[in-house]
Amino acid sequence: MDDIQVSHCRAEALLSLGRYEQAAELFEQLAAAIDQQAAGDAGFLLQQAAYAWQEAGQFQQAVAVIDLLIARFSGQADLWIQKASLQVQAGQASAALATLTSALDSLTTTASSQDLGKLWVYRAGAHRRLDQIDKAKAALVEALRQPDLDQPLYLLELALVEATQDNLPAARTAFEQIIQHFPTSPEAVLASRYLARLAE
């Protein structure tokens, strides 16, 4: 194996051992080396670096890596969502809202309706975390305009918005709809947990 392959194996070993910061730094070094050699796309290595920084709890470093990916692949809505999610984990809901606003401004005419729906739902979540409930509801209305909307994702955010307003019957109904109609979705697992909390 050449040096890059050996170093990649080492970085993945560090990741498996839970030595996340060392792994992240090595993934970033490898991405830079590949860029210099023009040996291929370093995007996957940058994703691994972002994951390692996230696992290390170093959300700012993870965001910085995602910014490098957005600079290369600005048309990928999932990267914008990943950045916003990291900012939320870092307690920066305002920054997440700005990220999602920029994404919608950039992708409105090019993204799929499914991606636009996701962006609007995540924007609703950012507004909710900032206690801007009217704006959260307006964002959910915009999400509903997208024909390929991810329904479980939408219903989960709708339920959380209703719960924030202490409208518990509406929140319970939305959670139950997820479990009934989308039982194998990740959102159904979360909905079950939230329902259990409501029952306490």
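Placed above this text is the structure.
Quantities reported herein were computed from a predicted structural model and do not represent experimental measurements.

A. Main features of the overall build of the protein chain. Summing up its helical and strand segments, the protein chain has eleven helices and zero strands in all. Moving toward the C terminus, one meets the helices and strands of the protein chain in the order α-α-α-α-α-α-α-α-α-α-α. Sorting the 200 residues of the protein chain into buried and exposed places 42% on the buried side. Contacts in the protein chain between residues far apart in sequence, at least 24 positions, make up 46% of those at least 6 positions apart. With an accessible surface of roughly 10500 Å², the protein chain has 49% of that area assigned to carbon and sulfur atoms. Between the averaged position of the 14 positive side-chain charges in the protein chain and that of its 24 negative side-chain charges there is a distance of 6 Å.

B. Representation of the packing of helix α9 (residues 151-164) against helix α11 (residues 186-199). It is at 10 Å that the axes of α9 and α11 come closest, and there the two elements cross at 20°. One element, α9, and the other, α11, form an angle in the roughly parallel class. Between α9 and α11 lies a crossing of left-handed hand. Contacts from P152, L153, L156 and L160 of α9 reach α11 at E187, L190 and Y194. Residues of the contact of α9 with α11, tallied by class, amount to six nonpolar, no polar and one charged.

Calculation notes
- Here the residue numbering is sequential within each chain, running from 1 through the sequence in written order.
- The predicted nature of this model means local features are confined to residues of pLDDT at least 70 and side-chain atom pairs, given and counted, to a pLDDT of 80 or more, with totals for whole chains, interfaces and linings taken over all residues.
- Values shown for side chains rest on all heavy atoms present in the structure; no hydrogens or waters enter the calculation.
- The secondary structure listing takes helices from DSSP runs of H or I that are at least 4 residues long and strands from runs of E that are at least 2 residues long, numbered from the N terminus.
- Three exposure classes are used, based on accessible area relative to the maximum for each residue type with a 1.4 Å probe and protein chains only: buried under 20%, partly exposed in between, and exposed over 50%.
- Contacts are assigned to residue pairs with any non-hydrogen atoms lying within 4.5 Å of each other.
- Each accessible area is a Shrake-Rupley result for a 1.4 Å probe, and residues are judged covered by the shown protein chains and nothing else.
- Neither His nor the chain ends is counted toward charge; the positive residues are Lys and Arg and the negative residues Asp and Glu.
- By convention, the charge on Lys lies at NZ, on Arg at CZ, on Asp at CG and on Glu at CD.
- Note on method: axes are straight lines fitted to C-alpha atoms, helices fitted across the in-contact stretch only, with angles between N-to-C directions ranging 0 to 180 degrees.
- Just so you know how the angles are binned, under 35 degrees is roughly parallel, over 145 roughly antiparallel, 65 to 115 roughly perpendicular, and the rest oblique.
- By definition, turning the near helix anticlockwise from the far helix through less than a right angle yields a left-handed crossing, and turning it clockwise yields a right-handed one.
- Under this grouping Gly is polar, as are all residues other than the nonpolar Ala, Val, Leu, Ile, Met, Phe, Trp, Tyr, Cys and Pro and the charged Asp, Glu, Lys and Arg.

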